[in-house]
Amino acid sequence: MNNEGPAAGDGLHLIPFRGLRYVPERVGSLAAVTSPPYDVVVRPDGLHHLESADPYNIVRLILPQAASPEDRSRQAAETLSRWLSEGVMAADPEPALYVYEQRKGDLLQRGVIGALALSEPSDGVVLPHEDVMPEIVADRAALMRSTAANLEPLLLAYRSGGELSGTSAVIERTILRPPVLATTTEDGFSHRLWAVTDPGELTEIRRDLSHHQALIADGHHRWATYLRLRTEHMASPGPWDYGLVLLIDTARYPLQVRAIHRLLRRLPVADALSALDGSFRLRTLDDSLSLERALDALAEAAAEGNAFLLAGDGRFHLADRPAPELLAGTVPGGHPEAWRTLDATVLHATMLDHLWRIPDTPEHITYIHDSLAAVTQAERDGGTAVLMHPVREETVRDLAREGVTMPRKSTSFGPKPATGLVLRSLALD
């Protein structure tokens, strides 16, 4: 590995690596061994469904099931070691950057997967926009330590001028060649991967990206984990100074921005509404409305200010127009107006902390990307699903450039890369 990273203030420094990939002949199908990112396995039976899809499904590495955190990490390391020794996975013969394509209907996304030199937010190279939960960072760090691997790439967004040059030119040439893998997952997305090993093309990508900064679109906890582990290995610079990422040029392939919803496990809907009464305008929507139509009503309300959709009792309840004096007394000052008016800010500062008095801990709040899954689990558990409206990408990027982090789990960018197509072993770098 070339360990010459960028100085603070330089742009992105992406280097090739020897990807770990499933050996197709050893698994039922590539689609059967992939998974969404670890924090998007949200269906009530999601983990079991993936584990039963194939004995070598990647969830056995990213979400190992054992009695204690120590046992989970040890189990993942043993599983990865066994799969490598048995030939279920193997390292590519030479270091590469990987062009990755996702397609579903009219939706097309292409980018480059590689090992990115790590940097602090103050360097202005990789911009976070959300806070993280320490317990999740600790869990991911234990997993990466034990496996000595980056098991799934982060999703980072950068923006070129839209011209067909540099990285974009390499991508467009590469997709004309046969891919090293192609599969279609059960969500309807087709995935293709190409290895770029030509020195000239690698240099073309490196020079182009060195002029760009990136926004963390998905993977704040994994990025924070990379930084923690780099600090632990500062005495011996090397592979821990880099982390696995997928870089998408949103000037050419715009990302979708979705909300992340909250499941309040111990708060029944009736109690949630009672606590909001008098502070928010509350409306129970028509019983005949589908979830899709209820979300349309949420979007209409959100166009005028803070708005939230509550569910869990078989109906949908719209909460909007919070009292200005309530917001003034509960939302912290010292932040830009764009931050103070975010739905996530109002939800956490005004509703969760002040009105509902619910701590932001895993036993009380579950973060769920899929709205139907949030409603289903709320109805099953007798809790409250709080459905959110997405934040605009421009707002996210502007706040990140100001160095302002949003409340954790404020956004969900996508489509997210499938987990299990290519891994990075730090032992090989």
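Scroll up to find the structure this text is about.
What you see is a predicted model; the values in this text were computed from it and never measured.

Conventions adopted
Residues numbered from 1 in each chain as written. Predicted model: local features only at pLDDT ≥ 70, side-chain atom pairs only at ≥ 80, totals over all residues. Heavy atoms only, no water. Helix = DSSP H or I, 4+ residues; strand = E, 2+ residues; numbered from the N terminus. Rg over C-alpha atoms; globule rule 2.2 N^0.38 Å. Buried < 20%, exposed > 50% of the residue type's maximum accessible area, 1.4 Å probe, protein only. Core = buried A, V, L, I, M, F, W, Y, C linked by side-chain atoms within 4.5 Å. Contact = heavy atoms within 4.5 Å. Expected span 1.5 Å × (residues − 1). Arc of directions from axis to C-beta. Axes fitted to C-alpha atoms, helices over the stretch in contact; angles between N-to-C directions. Left-handed = near helix turned anticlockwise from the far one by under 90°. Nonpolar A, V, L, I, M, F, W, Y, C, P; charged D, E, K, R; others polar. Pairing = 2+ DSSP bridges. 1 Å grid on protein atoms, 1.4 Å probe; cavity = no way out; pocket = protein on both sides within 12 Å on 5 of 7 lines; lining within 4 Å. Points joined across faces, edges and corners; volume = space filled by probe spheres on them. Phe/Tyr/Trp six-rings, centres within 6.5 Å; stacked < 30°, edge-to-face > 60°. Parallel < 35°, antiparallel > 145°, perpendicular 65-115°, else oblique.

**Student:** Can you break down the overall build of the chain residue by residue, with the values?
**Tutor:** Summing up its helical and strand segments, the chain has 15 helices and 21 strands in all. Taking 2.2 N^0.38 as the reference for a compact globule, 429 residues should give roughly 22 Å; the C-alpha atoms of the chain span a radius of gyration of 22 Å, in line with that estimate. Dimensions along the principal axes, computed over C-alpha positions, put the chain at roughly 65 × 45 × 45 Å. Buried residues in the chain amount to 56% of all 429 residues.

**Student:** Account for the nonpolar core, with residues named and values stated.
**Tutor:** Counting 111 residues, the largest nonpolar core has Y22, W223 and W356 as its most contacted members. With 6 residues, helix α13 (residues 343-355) is the largest single contributor of residues to this core. The contacts of Y22, once residues within four sequence positions are left out, are V27, L30, V33, Y56, N57, I58, W83, V88, M89 and G420. L291, L318, I368 and A385 belong to the second largest nonpolar core, which has 20 residues in total.

**Student:** I'd love a proper account of helix α10 (residues 291-302), names of residues and values included.
**Tutor:** Since one α-helical turn is 3.6 residues long, residues separated by three or four positions face the same way. With 12 residues, α10 should reach 16 Å at 1.5 Å per residue; the first-to-last C-alpha distance of 16 Å fits that figure. Those residues of α10 lying buried are L291, A294, A297, L298, A301 and A302. Projected onto a plane normal to the axis of α10, the buried residues spread over an arc of 135° and lie on a single side. Across from the buried face of α10, at angles greater than 90 degrees, the exposed residues are E292, R293 and E300. Of the surrounding elements, those touching the buried residues of α10 are β15 (281-284), β16 (307-311), β17 (316-320), α14 (371-381) and β19 (384-387).

**Student:** Quick one: what's the story with the packing of helix α4 (residues 69-85) against helix α5 (residues 134-147), residue by residue and with numbers?
**Tutor:** Two elements in contact, α4 and α5, have axes separated by 8 Å at closest approach and are oriented at 35°. Every pair of crossing elements has a handedness; the one defined by α4 and α5 is right-handed. Residues R72, S73, A76, A77 and L80 of α4 form the contact with α5, whose participating residues are D139, A142, L143, S146 and T147. Class assignment of the residues belonging to the contact of α4 with α5 gives a composition of 5 nonpolar, 3 polar and 2 charged.

**Student:** Please set out unusual backbone geometry residue by residue, giving values where relevant.
**Tutor:** In this structure, the amide linkage connecting G414 to the following residue, P415, adopts the cis form with an omega of 5°. Mapped onto the elements, P415 comes out in the loop between β20 (412-414) and β21 (423-425). Here the phi dihedral of R321 falls at roughly 50°; this positive angle occurs in a residue that is not glycine. The backbone of R357 shows a phi angle near 55°, a positive value even though the residue is not glycine. Relative to the assigned elements, R357 resides in the loop between α13 and β18 (365-368).

**Student:** Explain the sheet that holds strand β3 (residues 89-91) residue by residue, including any values.
**Tutor:** Spatial ordering of the open sheet is given by β3-β2-β21-β7, a layout of 4 strands whose pairing is antiparallel. Among the strands making up the open sheet, the edge pair consists of β3 and β7 (149-150). Relative to β21, β7 runs antiparallel, the two sharing 2 bridges. Bridging from a neighbouring strand, N150 pairs with R424 of β21. Those strands touched by α4 are β2 (19-22), β3 and β7, and its axis lies near 75° from that of β3.

**Student:** Can you tell me about empty space enclosed by the protein, naming the residues and giving the values?
**Tutor:** Tallying each qualifying case throughout the model produces 6 cavities of 30 Å³ or more. Of the pockets and cavities examined, the largest cavity occupies roughly 120 Å³. Lining the largest cavity are 16 residues, and of these D39, D218, G219, H220 and K409 lie nearest its centre. Listed by contribution, the elements that provide at least two residues to the lining of the largest cavity are β11 (214-218) and α8 (220-232).

**Student:** Lay out the packing of aromatic side chains with the relevant residues and their values.
**Tutor:** All told, the structure shown has 5 aromatic pairs when counted by the stated rule. A ring pair is formed by Y56 and W83, whose centres lie 5.6 Å apart and whose planes are at 85°; its orientation type is edge-to-face. A residue pair is termed long-range when its members are at least 10 positions apart, and Y56 in the loop between α2 (46-53) and α3 (59-62) and W83 in helix α4 qualify at 27 residues. The interplanar angle of 65° and the centroid separation of 6.2 Å between the aromatic rings of W223 and Y226 together place this pair among those described as edge-to-face. Residue W223 and its partner Y226 are located together in helix α8, separated by 3 residues, close to a single helical turn.

**Student:** Lay out the packing of α5 against α8 with the relevant residues and their values.
**Tutor:** Two elements in contact, α5 and α8, have axes separated by 9 Å at closest approach and are oriented at 60°. Judged by the angle between their axes, α5 and α8 are oblique. In this structure, α5 meets α8 at a crossing whose hand is right-handed. Packed against α5, whose contacting residues are I136, V137, A138, R140, A141, M144 and R145, the element α8 presents H221, R222, A224, T225, Y226, R228, L229 and E232 at the interface. Taken together, the residues of the contact of α5 with α8 break down into 8 nonpolar, 2 polar and 5 charged.

Any functional reading would require information that these geometric values do not contain.
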